[in-house]
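A structural walkthrough
Here's the letter readout for the chains.
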Amino acid sequence: MKVLVAIKRVIDYNVKIRVKSDHSDVDLTNVKMAMNPFCEIAVEEAVRLKEKGVATEVVVVTIGPKAAQEQLRTALALGADRAIHVETDLRVESLGAARALAKIVEEQQPGLVILGKQAIDTDNNQTGQMLAALTGLPQGTFASEVAVEDGRLRVTREIDGGLETLELTLPAIVTTDLRLNEPRYAKLPDIMKAKKKPLEVRTPADLGVELASRIKLLKVEPPAERQAGIKVGSVDELIDKLKNEAKVIS
Amino acid sequence: MIRDQETMQILLDSIRSFVNEALIPREEEVAETDEIPEDIVSQMRDMGLFGLTIPEEFGGLGVTMEEEVNIAFELGRTSPAFRSFIGTNNGIGSIGILLDGTEEQKATYLPKLASGEILSSFCLTEPDSGSDAASLRTTAVRDGDHYLINGTKRYITNAPHAGIFTVMARTDPEIKGAKGISAFIVEATTPGITIGKCDKKMGQKGAHTADVIFDNVRVPSSALIGENEGVGFKTAMKVLDKGRLHIAAIAVGAAERVLEDSLRYAMERKQFGRPISDFQLIQAMLADSKAEIYAARCMVLDAARRRDDGLSVSTEASCAKMFATEMCSRVADRGVQIHGGAGYVSDYAVERFYRDVRLFRLYEGTTQIQQVIISRNMIREAQQ
Ligand SMILES: Cc1cc2nc3c(=O)[nH]c(=O)nc-3n(C[C@H](O)[C@H](O)[C@H](O)COP(=O)(O)OP(=O)(O)OC[C@H]3O[C@@H](n4cnc5c(N)ncnc54)[C@H](O)[C@@H]3O)c2cc1C
Ligand SMILES: Cc1cc2nc3c(=O)[nH]c(=O)nc-3n(C[C@H](O)[C@H](O)[C@H](O)COP(=O)(O)OP(=O)(O)OC[C@H]3O[C@@H](n4cnc5c(N)ncnc54)[C@H](O)[C@@H]3O)c2cc1C
């Protein structure tokens, strides 16, 4: 079975995000970029499926600028077999990404598609669901466990009330939650070898998709600074403060 | 020389994440237990950290000097004990075999060193021979197609864990000094070897050194590195020459870590109603440290690039080792100062780093020995 994994280049999660002084966008100059952490989990899961003999090939795909090839190479170092780069300098929205991915799915015919449940840049949590709608494939989002049994996919999902288990027919779409697995560190020799693995560059035009933005970004504001909290000595003091200072209970 | 910028960036990012997420959170545990946890060792093996400098044909990464120092900048940002554990296989424990070993010696040992299956140690120093290494007394007397090794080696890093030792010993007692010395690969299981108790060190808990005592240790003549007598001292000096740039880079990394910690502390700690980073006297310490680290980093990179270009860097490597390690101690001292009383108690990493980095100025040639090398080279060049 071929597994397709979609990954995204985002601001490194350790970086403190700054807004440009004209509030037009987040400031990306000289900012460290990395693979979206949920996508790392997706790559890890695909590689584990390959190690278990369930997957035969792992293909990673990203839609983004030339520099995003660094994240594809990272995925190749982690164990993916080949990469597809849909190159664009446009700001890619969930629907645009889903449309491009739908074309790739059509071409590659994977048995399983794994995506992160969201990317930590804009936290939209949409691409996987939209891809499922566009391809008409079943979806298991927020996965904390994935198993292929008798040609069917069992996905344990993290939902508000606890855990839910779904059984999906393949091919299917899975989006990863944090507890699905703990991604490994790439083996250094594999990082060196990643350069030799195939990486195919495509354009939105040759896929026949339009990525131009339909959403206009008007203004970006950092969240309001919060006052430092205090430690209270006792439950009584807490109740007193909630009643008399915060006035949230009576 | 960096062979491929993009690949190197991924490699450095990967090592940085490993240092930040896997190693830094375990520093205190290592300091308390005086042990590198087994799960960390196996992660380091899986990643291939033992074989950075060993060529690809023997299962390593075969990094260039410039690549190596960039990696060392990253590894230097955590407790030197972690680095020390992988350090001998990447450095003094393997380079002798790599530079001067026979093809058979390389094929036998380098793959095991690259994978971390075995550790290695470098046995030069003795109780009565430190800086004056050429005066060493350990003997290797030829006995048919074997040698009998006798002597005591001191402060040998990773000796309690080593599978093989590179041992410098005198094969010709008639020749005093360097030319009577040969280098051997001695397997740790050879009868007659005793490892002393671990030394109680000032810092770098988790990294172990001990005496290695050779009592009539019989090794085959194939254990002689390069199967050549009398060139062992040259081998040892070549090993140390390369090691100096590595240590200098580690010192830069450690200084960067201490400065990061100190800056964060200075911005959080309030006195006189303001963060202490508002005070110019604190700012001066931060700025001096920053500039010195930058200088050392540039020196290390320059020397590494020259070495990759095939130039002799004896002077530059000694300059870099001397400046970077002395600088690191100054930065650590300022780090403690910026932390105030908190810098003297072990709740903050700076107290530990202050002790850990002290070693850099002593081993692989003390600062004074670097000065001797630099000035001797200068005078020799001026005489020509
Ligand atoms: C933790 C640790 C790990 C080590 N690991 C290893 C290892 O793995 N393998 C190994 O072989 N060795 C190892 N060493 C030994 C180390 O390399 C020596 O300690 C170092 O070379 C200094 O030698 P010494 O201790 O005998 O000091 P000495 O040589 O006795 O020096 C004492 C002082 O005299 C100064 N001095 C000496 N000669 C001169 C001179 N000509 N001019 C001016 N000043 C001079 C020195 O700079 C120093 O200040 C290790 C040491 C330590 C502490
Ligand atoms: C082992 C030990 C024993 C001690 N014993 C005692 C004791 O018995 N009794 C007791 O009362 N205290 C004791 N102390 C506390 C000691 O006196 C304080 O640690 C010391 O006064 C520094 O204060 P601090 O640690 O809060 O550092 P801070 O005041 O936070 O200083 C941090 C850094 O900021 C600098 N700084 C602060 N203000 C300024 C400024 N205006 N301009 C420029 N730089 C500034 C400092 O010089 C320092 O470098 C002890 C401390 C230790 C470590």
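Calculation notes
- Residues numbered from 1 in each chain as written.
- Chains lettered and ligands numbered in written order.
- Predicted model: local features only at pLDDT ≥ 70, side-chain atom pairs only at ≥ 80, totals over all residues.
- Helix = DSSP H or I, 4+ residues; strand = E, 2+ residues; numbered from the N terminus.
- Rg over C-alpha atoms; globule rule 2.2 N^0.38 Å.
- Buried ≥ 20, exposed ≤ 12 C-beta atoms within 10 Å, placed from the backbone.
- Contact = placed C-beta atoms within 7 Å.
- Domains from an automatic or database assignment.
- Nonpolar A, V, L, I, M, F, W, Y, C, P; charged D, E, K, R; others polar.
- Near = placed C-beta within 6 Å.
- Expected span 1.5 Å × (residues − 1).
- pLDDT = per-residue confidence, 0-100.
- Core = buried A, V, L, I, M, F, W, Y, C linked by C-beta atoms within 7 Å.
- Pairing = 2+ DSSP bridges.
- Axes fitted to C-alpha atoms, helices over the stretch in contact; angles between N-to-C directions.
- Parallel < 35°, antiparallel > 145°, perpendicular 65-115°, else oblique.
- Left-handed = near helix turned anticlockwise from the far one by under 90°.

Right, let's talk about the overall build of chain B for a bit. What chain B contains, in helices and strands, is twelve helices and nine strands. For 384 residues, the compact-globule formula gives about 21 Å, and the C-alpha radius of gyration of chain B, at 21 Å, lands near that figure. For the C-alpha atoms alone, the extent of chain B along its principal axes is close to 80 × 55 × 45 Å. In chain B, buried positions account for 50% of the 384 residues. Taking contacts inside chain B between residues at least 6 apart in sequence as the whole, the part at least 24 apart equals 74%.

It is worth spelling out the overall build of chain A at this point. Regarding its fold elements, chain A presents seven helices and eleven strands. Its C-alpha atoms give chain A principal-axis dimensions of about 65 × 45 × 40 Å. When the 250 residues of chain A are sorted by exposure, 38% land in the buried category.

Listed as interface residues are 16 residues of chain B and, on the opposing side, 13 residues of chain A. Of all the secondary structure elements, the ones that give two or more residues to the side of chain B that touches chain A are helix H1 (5–23) and helix H3 (38–47) of chain B. For the side of chain B that touches chain A, the element with the most residues is H1 of chain B, which contributes nine residues.

A few words on the domain arrangement of chain B. Residues and elements named next belong to chain B. The domain architecture assigned to chain B consists of domain 1 (5–115), domain 2 (119–230) and domain 3 (234–383). Counting from both sides, the interface comprises ten residues of domain 2 and, opposite them, ten residues of domain 3. Along the lines of polarity and charge, the residues of the side of domain 2 that touches domain 3 split into seven nonpolar, three polar and no charged.

The next point concerns the site of ligand 1. Residues and elements named next belong to chain B. Around ligand 1, the structure places 19 residues, and the nearest of them are Leu 124, Gly 130, Ser 131, Thr 366 and Gln 368. Of all the secondary-structure elements, those providing two or more residues to the shell around ligand 1 are strand E1 (119–123), strand E3 (146–157) and helix H12 (367–383). Along the lines of polarity and charge, the residues of the shell around ligand 1 split into ten nonpolar, eight polar and one charged. The residues that make up the shell around ligand 1 include at least three from each of domain 2 (119–230) and domain 3 (234–383).

Taking 1.5 Å per residue as the helical rise, H1 of chain B with its 19 residues ought to reach 27 Å, and the 25 Å between its terminal C-alpha atoms agrees with that figure. For H1 of chain B, every residue scored as buried is listed here: Ile 10, Leu 11, Asp 13, Ser 14, Ile 15, Phe 18, Val 19 and Leu 23 of chain B. The elements touched by buried residues of H1 of chain B are strand E3 (33–35), helix H2 (69–78) and helix H5 (188–194) of chain A together with H3, helix H4 (65–75) and helix H5 (80–90) of chain B.

Averaged over every residue, the pLDDT of chain B is 97; residues scoring 70 or more account for 100%. The complex model carries a pTM of 0.92, and its ipTM stands at 0.88.

Residues and elements named next belong to chain B. Around ligand 2 lies a shell of 14 residues, among which Ile 276, Phe 279, Leu 281, Gly 340 and Gly 341 are the nearest. Going through the elements one at a time, helix H9 (280–308) and helix H10 (314–339) are the ones with two or more residues in the shell around ligand 2. A class-by-class count of the residues in the shell around ligand 2 yields nine nonpolar, four polar and one charged.

So, on to the nonpolar core. Counting residues in hydrophobic clusters, the biggest one holds 172 residues, and the most contacted among them are Val 5, Val 43 and Val 60 of chain A together with Phe 184, Ala 251, Val 300 and Ala 324 of chain B. Broken down by element, this core gets its largest block of residues, 15 residues, from helix H8 (residues 232–268) of chain B. Those residues in contact with Val 43 of chain A that lie beyond four places of it in its chain are Val 5, Ile 7, Val 60, Ala 75, Leu 78 and Ala 80 of chain A.

What follows concerns the pairing of strand E10 (residues 172–176) of chain A. Residue and element names in this part refer to chain A. With respect to burial, E10 is a largely interior element, five of its five residues being buried. Burial along E10 is two-sided: Ala 172, Val 174 and Thr 176 and Ile 173 and Thr 175, pointing in opposite directions, are all buried. Pairing of strand E7 (residues 139–149) with E10 involves three bridges; the strand directions are parallel. When the sheet's bridge partners are listed, Ala 143 is paired in E10 with Thr 176.

Next up on the list: H9 of chain B. In an α-helix, one turn spans 3.6 residues; hence positions three or four apart end up facing the same way. All names here are of chain B. With 29 residues, H9 ought to run about 42 Å at 1.5 Å a step, and its terminal C-alpha atoms sit 42 Å apart, in line with that. For H9, the secondary structure elements touched by its buried residues are H4, H8 and H10. In the segment just after H9, Gly 310 is the residue with positive phi, at about 90°.

Let us now look at the sheet that holds strand E5 (residues 82–87) of chain A. Residues and elements named next belong to chain A. Taken together, nine strands build an open sheet; the order of strands is E9-E8-E7-E10-E6-E1-E4-E5-E11 and the sheet is mixed. The open sheet has two free edges, formed respectively by strand E9 (162–169) and strand E11 (199–202), since each of these has just one partner strand. Neighbour-to-neighbour, the strand axes of the sheet open up by a mean angle of 30°, direction not taken into account. In this structure, strand E1 (residues 2–6) lies alongside strand E6 (residues 112–116), joined through three bridges in parallel fashion. Residue pairing across strands places Val 5 opposite Ile 114, the latter belonging to E6.

Bringing the environment of Val 58 of chain A into the picture now. Residues and elements named next belong to chain A. Mapped onto the fold, Val 58 is located in strand E4 (residues 57–64). On the basis of neighbour counts, which here come to 26 C-beta atoms within 10 Å, the residue Val 58 falls in the buried class. With 24 residues separating them along the chain, Val 58 and Arg 82 place their C-alpha atoms 6.9 Å apart. Every residue in contact with Val 58, bar those within four places of it in the chain, is listed here: Val 3, Val 5, Ala 46, Val 47, Lys 50, Gly 79, Ala 80 and Asp 81.

A separate point is the packing of H8 of chain B against H10 of chain B. Residue and element names in this part refer to chain B. Packing of H8 against H10 leaves a shortest axis separation of 8 Å and a crossing angle of 20°. Viewed along their axes, H8 and H10 adopt a mutual orientation that is roughly parallel. Relative to H10, the crossing made by H8 is left-handed. Taken together, the residues that form the contact of H8 with H10 break down as 19 nonpolar, six polar and four charged.

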